[in-house]
Amino acid sequence: MAADGFAPLAFTPEVEALTLPLWEKVKNHVTPMEWRLQAPLIAEINRLKREKNAVILAHNYMTPEIFHGVGDYVGDSLGLAKEAAKSDAAIIVQAGVHFMAETSKILSPEKRVLIPDLRAGCSLASSITGEDVRLIKARFPGLPVVTYVNTTADVKAETDVCCTSANAVQVVEHVAREWGVDRVILIPDEFLARNVARQTDVKIIAWQGRCEVHERFNAQDILDLKAAYPGAEILAHPECPAEVLEVSDFAGSTAAMNDYVLSRKPRQVVLITECSMADNVAVDAKDTEFVRPCNLCPHMKRISLQNIYEALLHEQFEVTVDPAVAERARLAVQRMIDLPPPAVPARYDLVKARHHVDVELI
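Here's what I pulled together on the structure shown here. This is a predicted model, so every value here is computed, not measured.

Let's talk about the overall build of the chain
Item 1. Helix and strand content of the chain: 16 helices and 13 strands.
Item 2. Viewed in the frame of its principal axes, the chain has a C-alpha envelope of about 65 × 55 × 35 Å.
Item 3. Every one of the 362 residues in the chain was classed for burial, and the buried ones make up 55%.
Item 4. Pairs at least 24 residues apart make up 65% of the contacts formed inside the chain by residues separated by at least 6 positions.
Item 5. When the accessible area of the chain is evaluated, it comes to approximately 15400 Å², of which 52% is carbon and sulfur surface.
Item 6. The centroid of the 38 positive side-chain charges in the chain is displaced by 2 Å from the centroid of its 50 negative side-chain charges.

Structure representation (C-alpha cells):
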C-alpha cells in the first residue's frame, strides 16, 4: 500500500504490451523506473475512458506521460475546449487548471466536466474578478473589453470578446474597428497587454495581472542563455515581460512555438515558457536539442496520472458554471471563435516589440 492509501496497479506483461507504443514515444523523456509505475495507470485510464465514454484534455504544460500517454486532445486551453465540444464524449477530464475546465463546461454545457484536483488554480485567473470588470466598465463607459481566455467564467461573462495569446492583436484591432474607438481594455495579463500594445496603433488599457511562471523570466536570463548557447534560438511566450521579447529570436503562443520548432527544425532551441512544454514538443522534434530554463507551474503540476485515474474511476470533482453566467461567457468566447483564424499561428513582430509603447494601467 502506498503512503497515500492507494494500492499501486501492477506492471504486468499485458500492461507492458498495451503501453509499448507509448513507451517508444516517451522513452527519452521518462525513465524506465518511472514507466513501471506510470504504465499501469495509463493502461487503466485508457480503459476507463472507453468504458465511460470520456475524453482527456491535456494542456501543453502537462508532463509527457499525461500529454502523450492519456491525452485525447492536446494543445492550448481554447483549442482543447473547442475539440471537446465537437466530440460525442459524455465526460471531459480536464488535465489543466480550473479556468480551463470552466471554459470546457461553457462550450459543452451538456457534458460532465471533471478536474483531477480542485486546487489547480492560476495566478493570472485569480488576479481579477467579475466585480473588478464591472468597475472597469463603469470607469471607461463605451470602451470594449477584451479578456484573455485565462480567466474565470464570471470574468468572461462581463466581457465583450475573449482572446488568446495567438490572436490578441487581431481581436483588439477587430473590436476597435467594430466599436469605432481608438482605445481598448485588454485584461488581465499586464505583460500580454504591453506586448500587444507594441504591435498595434490601438491604445491599450491594461490590468496588473501576471502569470507567476512567465513573470519570473527577465532580459538578463535571455542574454545569459545566448552567451552560454550561442547557436540556440530563443522562443518567448507573450505573457513574458516586454524586455524578454526585445532580446528573443521569436515570440508567439504555445501553438506558434510548437509550429516554429516542427516546421523550422532548429538545431538548438530554448522555449521561454512552462518547462513541460519543451518535453512535449521534443517528443516530435527528434533532431532539435532543447535547452530547458525550467520554470514549473505549481498549479499545473497538481495534475497527475494518479488523480486523473481517481477522477475517472469515481467521476469526482465535477466543475459546474451557473447557467446564466455560462450563457454570457459563451457569447464572449463565441465572438472570438467566429473571427477568421490566421493562416498560421500568429507571431509577434520583434522589430515592433523593441519599440516602447505606453499602456494605461488601471
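Side note on the sheet that holds strand E10 (residues 250-251)
Item 1. Within the open sheet, the 4 strands sit side by side as E10-E9-E11-E12. Their pairing is parallel. Every interior strand has two partners, whereas the edge strands, E10 and strand E12 (289-291), have only one.
Item 2. Here 2 bridges tie strand E9 (residues 233-236) to E10, and the two strands are oriented parallel to one another. Residue pairing for E10: Leu235 is matched across the bridge by Phe250.

Quick word on the side chain of Asn307
Item 1. Along the chain, Asn307 falls in helix H14 (residues 305-314).
Item 2. When residues no more than four places from it in sequence are discounted, the contact partners of Asn307 are Pro116, Asp117 and Arg302.

Some points on the packing of aromatic side chains
Item 1. Inspection of every chain in the model, using the stated rule, returns 2 aromatic pairs.
Item 2. Residues Trp23 and Trp35 carry aromatic rings whose centres are separated by 5.5 Å and whose planes lie at 40 degrees to one another, so their mutual orientation is tilted. Placement of the pair is Trp23 in helix H1 (residues 13-26) and Trp35 in helix H2 (residues 32-52), with a sequence separation of 12 residues. Accessibility assignment for this pair places Trp23 and Trp35 in one class, buried.
Item 3. When the ring of Phe250 is compared with that of Tyr260, the centres are 4.6 Å apart and the planes differ by 45 degrees; the resulting orientation is tilted. You can see Phe250 sitting in strand E10 and its partner Tyr260 sitting in helix H12 (residues 254-264), a full 10 residues away along the chain.
Item 4. Of the residues examined, Tyr260 reaches a relative accessible area of 7% and is grouped as buried.

A short note on the nonpolar core
Item 1. Core analysis: the biggest nonpolar cluster contains 111 residues, and Ile66, Val196, Ile204, Leu271, Ile272, Phe290 and Ile308 have the highest contact counts within it.
Item 2. By residue number, the principal contributor to this core is H2, which donates 7 residues.
Item 3. If we ignore the near neighbours within four places in the chain, the residues touching Leu271 are Leu235, Met257, Val261, Met277, Ala278, Val281, Phe290, Val291 and Pro293.
Item 4. In terms of nonpolar packing, the next biggest core, distinct from the first, is built from 11 residues, Val133, Ile136, Leu143 and Val145 among them.

Description of the sheet that holds strand E4 (residues 112-114)
Item 1. Across the sheet, 4 strands lie side by side as E2-E1-E3-E4; this open sheet has parallel pairing. The open sheet terminates on both sides in strands that have one partner only, identified here as strand E2 (73-75) and E4. On average, each strand axis in the sheet is inclined to that of its neighbour by 20 degrees, with strand direction left out of account.
Item 2. Looking at chain direction, strand E3 (residues 91-95) and E4 are connected through 3 bridges and run parallel. Directly across from Ile91, in E4, lies its bridge partner Arg112.

Concerning the side chain of Thr19
Item 1. Locating Thr19 in the fold gives a position in helix H1.
Item 2. Using a relative accessible area of 2% as the deciding quantity, one classes Thr19 as buried.
Item 3. Setting aside residues up to four positions removed in sequence, Thr19 forms contacts with Trp35, Ala39, Ile42 and Ala43.

A few points about the pairing of E9
Item 1. Bridge analysis of E9 against strand E11 (residues 268-272) gives 4 bridges, and the strand direction is parallel. From the neighbouring strand, Ile234 faces E11, where its bridge partner is Val270.

Re the environment of Leu57
Item 1. Among the secondary structure elements, Leu57 is positioned in strand E1 (residues 54-59).
Item 2. Residues Leu57 and Thr164 lie 107 residues apart in sequence; the distance between their C-alpha atoms is 17 Å.
Item 3. Residues in contact with Leu57, not counting those within four places in the same chain, are Tyr73, Leu80, Ala81, Ala84, Ile92, Val93, Gln94, Ala95 and Ser104.

Quick look at helix H6 (residues 130-139)
Item 1. Along H6, the positions that sit buried rather than exposed are Gly130, Val133 and Ile136. Across the axial projection of H6, the buried residues extend over an arc of 115 degrees, all falling on one side. Exposed and oriented more than 90 degrees from the buried face of H6 are Leu135 and Ala138.
Item 2. If you follow the buried residues of H6, they end up packed against strand E5 (145-148), helix H7 (153-156) and strand E7 (183-187).

Cut-off values and rules
Residues numbered from 1 in each chain as written. Predicted model: local features only at pLDDT ≥ 70, side-chain atom pairs only at ≥ 80, totals over all residues. Heavy atoms only, no water. Helix = DSSP H or I, 4+ residues; strand = E, 2+ residues; numbered from the N terminus. Buried < 20%, exposed > 50% of the residue type's maximum accessible area, 1.4 Å probe, protein only. Contact = heavy atoms within 4.5 Å. Areas by Shrake-Rupley, 256 points an atom, 1.4 Å probe, with all protein chains shown as cover. Lys, Arg positive; Asp, Glu negative; His and termini not counted. Charge placed at Lys NZ, Arg CZ, Asp CG, Glu CD. Pairing = 2+ DSSP bridges. Phe/Tyr/Trp six-rings, centres within 6.5 Å; stacked < 30°, edge-to-face > 60°. Core = buried A, V, L, I, M, F, W, Y, C linked by side-chain atoms within 4.5 Å. Axes fitted to C-alpha atoms, helices over the stretch in contact; angles between N-to-C directions. Arc of directions from axis to C-beta.

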